Amino acid sequence: MEVLPQLIVNGLLLGGAFALISIGLTLVFGIVRVVNFAHGELFMAGLFGAWLLSSKVGLTPYLAAVPLVVILFAAGAAMQRFIIQPLMDADPHIQIFATVGVGTALINLALILFGADIRTSELPWAREPVRFAGLSVARGFLVAFAVSMVATAALVLFLKRTHLGRAIRAVAQNRNAAPLMGIDVPRIYIITFGIGSACVGLAAAVLSPLFPAFPTVGTYFALTAFVIVVLGGMGSLEGAVAGALIIGLVDSLAGYYVAPDLKEVVYFLIFLLILVLKPAGLFGVRGSE
Amino acid sequence: MSLLRLENVSAGYGAVEVLSDVTIDVAPGEVVTIVGANGAGKTTILRTIAGLVRPRSGRKLIDGRDVSALKPPAIVDLGITLVPEGRQLFPFMSVRENLMLGAYKPAARAAIPERMEEVLALFPRVRERLDQYAGSLSGGEQQMVAIARGMMANPRLLMFDEPSLGLAPMIVKQVFEIVDRVVAAGTTVLIVEQNIYHTLSIATRGYVLENGRIVMQDTGPALLRDPHVRRAYLGV
Ligand SMILES: Nc1ncnc2c1ncn2[C@@H]1O[C@H](COP(=O)(O)OP(=O)(O)O)[C@@H](O)[C@H]1O
Ligand SMILES: [Mg+2]
C-alpha cells in the first residue's frame with residue numbers, strides 16, 4: 001500500500017467531514033457577527049443526541065440526522081433569540097462571554113447526565129473499509145464526506161437562489177439597508193443561528209459512528225473549526241470548505257511525517273502564519289459572503 | 001386624509017434630541033420637500049418615518065392609523081420606502097439581486113419580473129449593468145440602482161434622502177430627471193435635497209427645518225421666492 005496517496009485521501013475525507021462544522025461557524029460569524037464559542041459544545045450535544053437516539057430509541061445514527069437537524073436548529077435559534085439578541089447592542093466581549101457561558105453550561109450538563117465516560121454510537125458498518133486502487137477508507141468517512149459536500153452545496157444554493165437566502169446575504173453585506181427592503185433583521189439572525197447549529201447537528205449524526213461522545217469532545221472540534229474558519233476567511237463559505245480540506249491534509253500528513261502528538265502544533269503554526277501574513281484569510285473579502 | 005402625518009413628533013439618538021415637535025403632512029399625489037441646513041435633522045425625519053428611529057413623543061400616522069411603534073419592515077409593507085442617503089446598496093450582489101431585494105416584501109415578490117421590466121424602462125443604464133456587482137458601478141449608476149431598487153416595491157410614498165449628494169453636475173441632472181419621472185408616474189414623493197432649487201420648483205409643498213423644528217411651510221414656488229429661504233439656502 002502506497003503511504004502518501006493513502007494519507008492524502010484520509011486527509012481530504014477528514015477535511016470534508018470538518019467542512020460542515022466549520023460552515024456553521026463561519027455562517028453565524030459572517031451574518032450575525034458573533035463568534036459562537038459554544039459551537040463545539042453544540043456538536044458535543046449532537047453526538048450525545050445521536051448516541052441516545054441510536055442506543056435508546058434504536059434509530060441508526062444516520063437516520064438520527066433528521067431529528068438532530070431539527071432539534072439543533074431550534075436550539076441555535078433559541079440561543080440567538082433569548083441569549084445573544086438581548087445582548088446585541090452590548091459590547092462584543094459580553095456576547096463572547098455569553099457564548100462561552102452556554103458552552104460551559106452544556107459541558108457541565110453532559111457531565112451530570114452522562115458522566116465522563118465515552119459513549120459510542122454502534123454502527124460497525126461505518127468502520128468497515130472500502131478498498132479501491134490500492135487505497136482503503138472507512139465507509140463512514142465516505143458517507144460523512146459526501147453528506148458534508150452535498151449539504152454545503154445545498155446551503156450555497158439556498159443562499160444564492162431563494163428570497164430568504166438573498167435576504168440573509170443582504171444582512172451580511174449591509175445591515176443598515178436591509179430593514180429598508182422590508183427584511184426583519186433580528187429574525188434573519190435567529191434563522192441564521194439556527195442554520196449554523198443545524199449544520200453541526202447533521203455533522204454530529206454522520207460523524208457519530210466514527211467519533212465517540214464525551215463531555216469535552218467539542219473542544220477539539222471547535223478549535224479545529226476556528227483554525228479552518230480563520231484560514232478560509234471569516235464569513236466565507238468557500239473559504240471554510242477549502243480551509244477544511246487543507247487542515248484535513250495537514251492533520252493527516254503531519255500526523256504521519258511529524259508526530260501524531262504534534263499535529264495540533266502544526267495547525268496553530270498555520271493559524272498564526274495566516275493571522276500574520278493574510279489576516280483576512282485565503283478567501284476573505286469582508287462582507288462578500 | 002393624509003397618506004402620512006407626523007404629529008408633534010420629537011425624536012433623537014441616545015440623550016440627544018434631534019427633532020422637536022415636528023408636524024408634517026403628505027397627501028396622496030403630492031411632492032413634498034424638506035429644506036434645511038446640514039445637521040438640521042432632515043435625515044432623522046426620514047428615518048423616523050421609515051421606522052428606524054422611534055418617536056419619543058407625538059404620533060406617526062399612515063392613512064390615519066397610528067403606526068408609531070411599527071418596525072421598518074411593517075412600514076415597507078404599508079407602502080412607504082426610503083431611498084437612503086449614500087445609496088446603501090448590497091455591494092457584492094449583482095444589480096439584479098439588489099433590485100429583487102427591493103421587492104422582498106411578500107406582496108411584491110410574485111410580480112418581480114413584470115415590475116423589473118417597468119422599472120428598467122425608466123433606467124436604461126441600469127439594465128446594461130444588471131449582472132455586475134452593485135459595488136463596481138460609478139456613483140451615479142449606484143444612485144440610479146438605489147432609486148430603481150426603491151421603486152421595485154411599488155411604493156405609494158417614495159422618500160429620497162439627498163439623491164444628488166456627491167455626484168458630478170451632469171449626473172445630478174440625470175438624477176433629477178429620474179425623480180421627475182417618478183413624480184410623473186403618479187408616485188407620492190417626499191424628498192430631502194441640498195440642491196433645493198430643483199426640488200422646490202417641482203414641490204407641491206415644502207417645509208423649512210431649522211435645528212430640528214419646522215419654522216416655515218408653503219408651496220414650493222412660494223418658498224423659492226421667500227427672502228429668508230433665498231438668503232439662507234440659496235445664498236442670494
Ligand atoms: N446615529 C446618530 N447618533 C447620534 N447623533 C446622530 C446620529 N445621526 C445623526 N445624529 C445627529 O443628529 C443631528 C441631525 O442629523 P441628520 O438628521 O443627519 O441631519 P441632516 O440630514 O439634516 O443633515 C446632527 O446633529 C447629527 O450629528
Ligand atoms: Mg442628511
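Attention now goes to the interface of chain A and chain B. Counting from both sides, the interface comprises 22 residues of chain A and, opposite them, 22 residues of chain B. Regarding the contact of chain A and chain B, the summed buried area is about 1900 Å², with carbon and sulfur atoms giving 68% of it. Among the residues of chain A in contact with chain B, His163, Leu180 and Met181 of chain A are the three that bury the most area, contributing 37% of the side total. Linking chain A with chain B are 2 salt bridges.

Right, let's get into the side chain of Asp161 of chain B. Residues and elements named next belong to chain B. The residue Asp161 is located in strand β7 (residues 157-161) in this model. Of the side chains bearing the opposite charge, Lys42 lies closest to the buried Asp161, which forms no salt bridge; the N-O distance is 6.9 Å. Reaching out from Asp161, the side chain makes a polar contact with the side chain of Thr43 at a distance of 2.8 Å. With near-sequence residues (within four places) excluded, Asp161 lies in contact with Thr43, Leu46, Leu82, Val83, Pro84, Glu85 and Val192.

Our next topic: the site of ligand 1. All residues adjacent to ligand 1 are Tyr13, Val18, Ala37, Asn38, Gly39, Ala40, Gly41, Lys42, Thr43 and Thr44 of chain B. Coverage of ligand 1 by the protein chains reaches 58% of its 560 Å² of free accessible surface.

In this section: helix α9 (residues 217-232) of chain A. Over its 16 residues, α9 of chain A extends 23 Å from the first C-alpha to the last, a length consistent with the 22 Å expected when each residue adds 1.5 Å. Within α9 of chain A, 13 of the 16 residues are buried, which leaves it mostly tucked inside the rest of the structure.

All names here are of chain B. For β7, a buried count of 5 out of 5 residues is recorded, marking the element as mostly surrounded by other parts of the structure. Both faces of β7 are covered, namely the face carrying Leu157, Met159 and Asp161 and the face carrying Leu158 and Phe160. The pairing of strand β6 (residues 80-83) with β7 spans 4 bridges and is parallel. Bridging from a neighbouring strand, Ile80 pairs with Leu157 of β7. As paired elements, β7 and strand β8 (residues 188-192) share 5 bridges and run parallel to each other.

Let us now look at the nonpolar core. Considering soluble globular proteins, one finds that nonpolar side chains tend to be buried as a cluster. Ile183 and Leu207 of chain A are the most contacted members of the largest nonpolar core, which totals 116 residues. Here this core takes 14 residues from helix α8 (residues 185-207) of chain A, the largest share from any one element. Not counting the four nearest positions on each side in its chain, Leu207 of chain A is found in contact with Ala17, Ile21, Phe43, Leu47, Ala144 and Phe221 of chain A. Leu120, Met151, Met152 and Val182 of chain B belong to the second-largest nonpolar core, a separate cluster that totals 36 residues.

Residues and elements named next belong to chain A. Nonpolar side chains collect at one region of the surface, where Val3, Leu4, Ile8, Leu12, Tyr256, Tyr257, Val258, Leu262, Val265 and Leu269 lie side by side and expose about 880 Å² of accessible area between them. At the level of secondary structure, the elements contributing two or more residues to the nonpolar patch comprise α1 (3-32), α10 (237-257) and α11 (263-277). It is α1 that contributes the most residues to the nonpolar patch, 4 residues altogether. Residue class for Val265 comes out partly exposed when judged on its relative accessible area of 45%.

This part is about the sheet that holds strand β5 (residues 65-66) of chain B. Residues and elements named next belong to chain B. Spatial strand order, β2-β1-β4-β5: 4 strands in an open sheet with antiparallel pairing. Two strands bound the open sheet, and with one partner strand each, they are β2 (16-26) and β5. One ladder, built from 2 bridges, connects strand β4 (residues 57-62) with β5; its direction is antiparallel. Its bridge partner lying in β5, Ile62 is registered against Arg65. Packing of helix α1 (residues 42-50) onto the sheet brings it into contact with β1 (4-13), β2 and β4, and relative to β1 it is tilted by some 115°.

What the rule picks out here adds up to 14 aromatic pairs over all chains. Geometrically, the ring pair formed by Phe18 of chain A and Phe221 of chain A is tilted, given 5.4 Å between the ring centres and 45° between the ring planes. Remark: Phe221 of chain A occurs in helix α9 and Phe18 of chain A occurs in helix α1; sequence separation between them is 203 residues. Measuring from centroid to centroid gives 5.2 Å for Tyr220 of chain A and Phe221 of chain A, while their planes differ by 75°, and the two rings are edge-to-face. Residue classification places Tyr220 of chain A among the partly exposed residues on the basis of a relative accessible area of 28%. An aromatic cluster of at least three residues, connected via ring pairs, comprises Phe18, Phe43, Phe141, Phe211, Tyr220 and Phe221 of chain A. Its guanidinium or amino end placed over the ring of Tyr104 of chain B, Arg109 of chain B lies 4.4 Å from that ring's centre, counting from NZ or CZ.

Roughly 680 Å³ of internal volume is contained in the largest pocket. What lines the largest pocket is a set of 21 residues, and nearest its centre among them are Asp89, Pro179, Val185 and Pro186 of chain A together with Lys71 of chain B. Among the secondary structure elements, those contributing two or more residues to the lining of the largest pocket are α8 of chain A together with α2 (72-77) of chain B. Sort the elements by how many residues they give to the lining of the largest pocket and α8 of chain A lands first, with 3 residues. Residues of the lining of the largest pocket, tallied by class, amount to 12 nonpolar, 3 polar and 6 charged.

Residue and element names in this part refer to chain A. Where α1 contacts α10, the two axes come as close as 6 Å, and the packing angle between them is 140°. When the axis of α1 is compared with that of α10, the two are oblique. When you trace α1 past α10, the crossing you get is right-handed. The class makeup of the residues in the contact of α1 with α10 is 19 nonpolar, 8 polar and 1 charged.

This part covers the sheet that holds β8 of chain B. Residues and elements named next belong to chain B. Within the open sheet, the 6 strands sit side by side as β6-β7-β8-β3-β9-β10. Their pairing is mixed. Pairing within the sheet leaves two strands with one partner each, and these edge strands are β6 and β10 (213-218). Across the sheet, the mean angle from the axis of one strand to that of its neighbour is 20°, orientation sign disregarded. Most of the contacts of helix α11 (residues 227-234) go to strand β9 (residues 205-210), to which it runs at about 60°, and overall it touches β3 (31-36), β9 and β10.

Next up on the list: helix α5 (residues 112-122) of chain B. Listed as buried for α5 of chain B are Ile112, Arg115, Met116, Val119, Leu120 and Leu122 of chain B. Projected onto a plane normal to the axis of α5 of chain B, the buried residues spread over an arc of 140° and lie on a single side. For α5 of chain B, the exposed residues lying more than 90 degrees away from the buried face are Pro113 and Ala121 of chain B. Contact partners of the buried residues in α5 of chain B: α7 (163-173) of chain A together with α3 (95-102), α4 (106-109), α6 (124-128), α7 (139-152) and α8 (169-184) of chain B.

Quick notes on the rules
Residues numbered from 1 in each chain as written. Chains lettered and ligands numbered in written order. Predicted model: local features only at pLDDT ≥ 70, side-chain atom pairs only at ≥ 80, totals over all residues. Heavy atoms only, no water. Contact = heavy atoms within 4.5 Å. Buried area = accessible area lost by both parts, 1.4 Å probe. Salt bridge = Lys/Arg side-chain N within 4 Å of Asp/Glu carboxyl O. Helix = DSSP H or I, 4+ residues; strand = E, 2+ residues; numbered from the N terminus. Buried < 20%, exposed > 50% of the residue type's maximum accessible area, 1.4 Å probe, protein only. Lys, Arg positive; Asp, Glu negative; His and termini not counted. Polar contact = N/O pair within 3.5 Å; in protein donor to acceptor, adjacent residues only side chain to side chain. Near = heavy atom within 4 Å. Areas by Shrake-Rupley, 256 points an atom, 1.4 Å probe, with all protein chains shown as cover. Expected span 1.5 Å × (residues − 1). Pairing = 2+ DSSP bridges. Core = buried A, V, L, I, M, F, W, Y, C linked by side-chain atoms within 4.5 Å. Patch = residues over 30% accessible without salt bridge, like charges linked within 9 Å, V, L, I, M, F, W, Y side chains within 5 Å. Axes fitted to C-alpha atoms, helices over the stretch in contact; angles between N-to-C directions. Phe/Tyr/Trp six-rings, centres within 6.5 Å; stacked < 30°, edge-to-face > 60°. Lys NZ or Arg CZ within 6 Å of the ring centre and 35° of its normal. 1 Å grid on protein atoms, 1.4 Å probe; cavity = no way out; pocket = protein on both sides within 12 Å on 5 of 7 lines; lining within 4 Å. Points joined across faces, edges and corners; volume = space filled by probe spheres on them. Nonpolar A, V, L, I, M, F, W, Y, C, P; charged D, E, K, R; others polar. Parallel < 35°, antiparallel > 145°, perpendicular 65-115°, else oblique. Left-handed = near helix turned anticlockwise from the far one by under 90°. Arc of directions from axis to C-beta.

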